[in-house]
Every structure is written in structure tokens, then in C-alpha cells.
Amino acid sequence: MISIKNLSFRYKESSTPALDNVSLEIGKGDFLGIIGESGAGKTTLANCINALIPHHFHGDYFGSVTVGGTDTFDTEPGSLALRVGTVFQDPDTQMVADIVEDEIRFGLENFGIPKNLIEGRITAVLNDTGIAPLRYRQIRNLSGGQKQKVAIAAITALEPGILVLDEPTGELDPASSRQIFTLLKSLNKEKGITVVIIEQKIMLMCEFAEHLAVMSHGRIVSSGTVRDVLSDIPKLESAGINYPRTVRLYHELALRNLIPEGEPVCVTTAEAAVLVTKIIGKEDICR
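Residues numbered from 1 in each chain as written. Predicted model: local features only at pLDDT ≥ 70, side-chain atom pairs only at ≥ 80, totals over all residues. Heavy atoms only, no water.

Topic: helix 12 (residues 269–280)
For an α-helix, 3.6 residues make a turn, and residues three or four places apart therefore share a direction. If you check helix 12, its first and last C-alpha atoms are 16 Å apart, about what 12 residues at 1.5 Å a residue would give, namely 16 Å. Positive backbone phi, at 90 degrees, marks Gly281, one or two positions downstream of helix 12. (Helix = DSSP H or I, 4+ residues; strand = E, 2+ residues; numbered from the N terminus. Expected span 1.5 Å × (residues − 1).)

Regarding the sheet that holds strand 2 (residues 19–26)
Here four strands make up an open sheet; going across it, the order is 2-1-4-5 and the pairing antiparallel. Each edge of the open sheet is held by one strand with a lone partner, namely strand 2 and strand 5 (70–71). As judged from the five bridges shared by strand 1 (residues 2–11) and strand 2, these two strands associate in the antiparallel manner. Each residue of the ladder has a partner; that of Ile4, found in strand 2, is Leu24. Its contacts with the sheet put helix 1 (residues 42–49) on strand 1, strand 2 and strand 4 (59–67), and the angle it makes with strand 1 is roughly 120 degrees. (Pairing = 2+ DSSP bridges. Contact = heavy atoms within 4.5 Å. Axes fitted to C-alpha atoms, helices over the stretch in contact; angles between N-to-C directions.)

Notes on the packing of helix 6 (residues 144–156) against helix 7 (residues 174–191)
The contact between helix 6 and helix 7 brings their axes to 9 Å, and the two run at 15 degrees. When the interaxial angle is binned, helix 6 and helix 7 end up roughly parallel. For the pair helix 6 and helix 7, the crossing hand works out as right-handed. Each of Gly145, Gln148, Lys149, Ile152 and Thr156 in helix 6 lies in contact with helix 7, whose residues at this interface are Ser176, Gln179, Ile180, Leu183, Leu184 and Leu187. Counted by class, the contact of helix 6 with helix 7 contains five nonpolar, five polar and one charged residues. (Parallel < 35°, antiparallel > 145°, perpendicular 65-115°, else oblique. Left-handed = near helix turned anticlockwise from the far one by under 90°. Nonpolar A, V, L, I, M, F, W, Y, C, P; charged D, E, K, R; others polar.)

Describing the domain arrangement of the protein chain
Accessible area lost during the coming together of the parts is what is often quoted as the interface size. As far as domains go, the protein chain holds domain 1 (2–232) and domain 2 (244–287). Between the C-alpha centres of domain 1 and domain 2 there is a distance of 34 Å. The interface of domain 1 with domain 2 comprises eight residues on the first partner and 11 residues on the second. Its largest share of buried area at the contact with domain 2, domain 1 owes to Met203, Arg227 and Leu230, together 72% of the area lost on that side. Here domain 1 is connected to domain 2 by one salt bridge. In this structure, Arg227 and Glu271 form a salt bridge, with 2.6 Å as the shortest nitrogen-oxygen distance. Our count for the domain 1 to domain 2 interface comes out at two residue pairs in polar contact (both at pLDDT 80 or more). (Domains from an automatic or database assignment. Buried area = accessible area lost by both parts, 1.4 Å probe. Salt bridge = Lys/Arg side-chain N within 4 Å of Asp/Glu carboxyl O. Polar contact = N/O pair within 3.5 Å; in protein donor to acceptor, adjacent residues only side chain to side chain.)

A few points about the nonpolar core
Counting 60 residues, the largest nonpolar core has Ile104 and Leu212 as the members making the most contacts within it. Sort the elements by how many residues they give to this core and helix 6 lands first, with six residues. Taken domain by domain, this core gets at least three of its residues from each of domain 1 (2–232) and domain 2 (244–287). (Core = buried A, V, L, I, M, F, W, Y, C linked by side-chain atoms within 4.5 Å. Buried < 20%, exposed > 50% of the residue type's maximum accessible area, 1.4 Å probe, protein only.)

Section: the pairing of strand 10 (residues 219–225)
Both strand 9 (residues 211–216) and strand 10 contribute to a ladder of six bridges, which runs antiparallel. Bridge pairing in strand 10 links His211 to Thr225. Where strand 9 folds back onto strand 10 in an antiparallel hairpin, the turn is made up of two residues, including His217, whose phi is positive at roughly 50 degrees.

A look at the environment of Gly36
Along the polypeptide, Gly36 turns up in strand 3 (residues 31–36). With 214 residues separating them in the primary sequence, Gly36 and Tyr250 have C-alpha atoms 22 Å apart. Once residues within four sequence positions are removed from consideration, Gly36 is found in contact with Lys42, Gln200, Met215 and Ile241.

Section: the sheet that holds strand 10
An order of 6-7-8-3-9-10 is seen for the six strands of this open sheet, with the pairing classed as mixed. On the outer flanks of this sheet lie strand 6 (84–87) and strand 10, each paired with one strand and no other. With strand direction ignored, the average angle separating the axes of adjacent strands in the sheet is 15 degrees.

Here's the deal with the pattern of salt bridges
This structure, assessed with the given rule, holds 15 salt bridges. Ionic pairing is found between Asp20 and Arg219, a salt bridge with its closest N-O pair at 3.2 Å. Of this pair, Asp20 sits in strand 2 while Arg219 sits in strand 10; the two residues are 199 residues apart in sequence, bridging distant segments of the chain. For Lys278, the salt bridge is made with Glu263, and the minimal N-O distance between the two is 3.0 Å. Note that Lys278 is positioned in helix 12 and Glu263 in the loop between helix 11 (245–255) and helix 12, a separation of 15 residues in sequence. Using a relative accessible area of 19% as the deciding quantity, one classes Glu263 as buried. If you follow the salt bridges from partner to partner, you end up with Glu101, Arg105, Glu119 and Arg135 in one network.

Below, the structure written as C-alpha cells:
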């Protein structure tokens with residue numbers, strides 16, 4: 001669905017490339033997490049997918065990005081917006097209305113959605129995102145998590161096949177962050193929306209994503225299923241990734257030859273608990 005081939009990009013004001021020969025395939029209905037240190041090129045890559053690069057941010061551009069067969073180099077972001085919806089870290093930067101309902105309505109009217117469909121879409125997306133009680137609330141009085149849900153609702157009302165999110169939980173507490181990820185997973189599974197998310201909260205990312213791409217210095221140094229990526233500790237460490245403690249526990253146990261044969265790397269705390277139980281036995285745990 002999204003094909004990135006040999007993509008390199010250098011901003012006008014920079015002497016070094018933000019992206020350096022990046023290639024990545026993202027399938028329809030995937031939930032991909034992009035991780036890496038600050039400055040690794042994650043946001044630049046996202047802005048190539050939604051066509052903000054090269055149309056709004058200019059520089060030296062090589063390679064190609066195609067979305068459903070459409071080359072983003074030849075397509076303005078506005079023309080792509082009905083296919084690729086973007087949610088930024090700070091929801092206030094993309095709000096245009098005072099009331100939640102009006103925020104969702106704005107995009108629908110702006111893109112010429114027939115009037116007889118608009119009310120139904122507003123109601124549906126408010127229900128899907130769990131913010132129906134906020135319909136007539138003033139946006140400035142909402143919490144950070146609520147605002148982020150409104151931003152997601154306004155984008156998904158346009159029914160894009162792809163959601164690109166750049167650190168949407170960066171300013172949220174753990175509970176609100178989990179709510180956002182749960183919402184995204186629901187949209188991914190129930191609506192079939194492809195989710196591409198940049199996030200620093202690695203543990204949360206690993207719990208919800210299906211695939212990961214690790215970036216470092218403008219390159220993708222590792223990509224694959226969550227377990228495959230987490231199994232390669234040297235690559236994670238070389239990219240400066242603070243991987244989950246459950247993964248660290250697994251590898252410490254592996255170094256001591258304590259992992260049962262065929263046991264996959266544990267990602268969640270629940271999986272880690274099961275692994276430890278297998279190693280030392282339930283009776284010892286209960287003592």
C-alpha cells in the first residue's frame with residue numbers, strides 16, 4: 001500500500017541528509033511503529049508519506065514514495081488528504097474550530113462531502129472514538145487526551161485508508177496514552193485503517209504495533225515484526241533504543257542458558273511472568 005524506495009532527502013538549510021537511502025514496504029491494514037532517537041529522521045519520513053515533503057518542505061529529494069500506486073512527488077498534500085490522514089503531536093496546531101462538532105464538520109465540508117452524509121459521519125466517528133459526550137464541548141476546555149481524540153476523529157471522519165501519527169501521546173500521561181493506542185488499534189482492526197505511528201513510548205508501541213522500523217541517522221537499520229526487531233539487541237543498542245525491560249530480562253536469561261528451547265522473546269510483562277514461571281516453577285513463586 002505504501003512503497004518507499006531508495007528515498008533520500010536533505011533540507012535546504014542542512015548540510016547532511018535527513019533521510020539516507022530509505023526503503024520500506026507498508027502493507028494494507030498494517031500497524032507500523034517507527035522508533036529512533038531524536039533527529040533519526042522519523043518525522044521527515046512521515047512527512048514524505050503525506051506529501052508535505054517535497055511540496056511544503058523543500059530540499060534535495062531522491063527516490064520515490066508511492067501510496068496506493070500514486071507517487072507523492074506528483075501529488076499535492078491536499079489531494080492526498082482523503083487517503084492519508086495526519087495527526088501531529090500537538091493537537092492544538094491542527095484545530096480550526098471552537099466546538100468539537102464543528103472541528104469534525106470543517107474537514108468534511110472543506111473536502112466537499114455531500115451534505116446528506118455529513119451528519120451521519122460526525123455521529124459515527126464520535127461514537128467510534130468514544131467522545132460522543134464531547135460533541136458540543138469547547139475544545140479549549142478539553143484535556144490533552146480528549147483533544148488528541150478530537151484530532152483523530154476529525155481525520156478519520158474523512159475515511160482515509162492510512163493514518164500517520166507523529167508522537168500523538170508525547171504530552172499525555174500513561175492512562176491517556178493507552179487510551180489513544182487502544183483507539184488506534186480499534187480503528188486498525190475494525191475499520192481496516194493502516195496505522196503508521198512515530199512514538200517514544202517503546203513499551204506501549206511494542207504492545208500494540210504489529211511491525212517496527214528502527215531509524216538511526218536517516219536510515220532504517222532494522223524492520224520486521226515486533227518480536228523479530230526486539231530480538232536483535234545489538235541493532236537496538238547501536239540505534240540508541242531504550243528497549244523494554246522485558247526484552248532485557250529475556251536476553252539476560254538467554255545469556256545464562258535459561259530460556260526454554262523455542263521460547264520467543266517476551267514483549268509484555270504478562271509474557272515475562274509466564275516465562276519466569278516456566279523457568280523457576282509455580283511452586284517456587286508461591287513460596
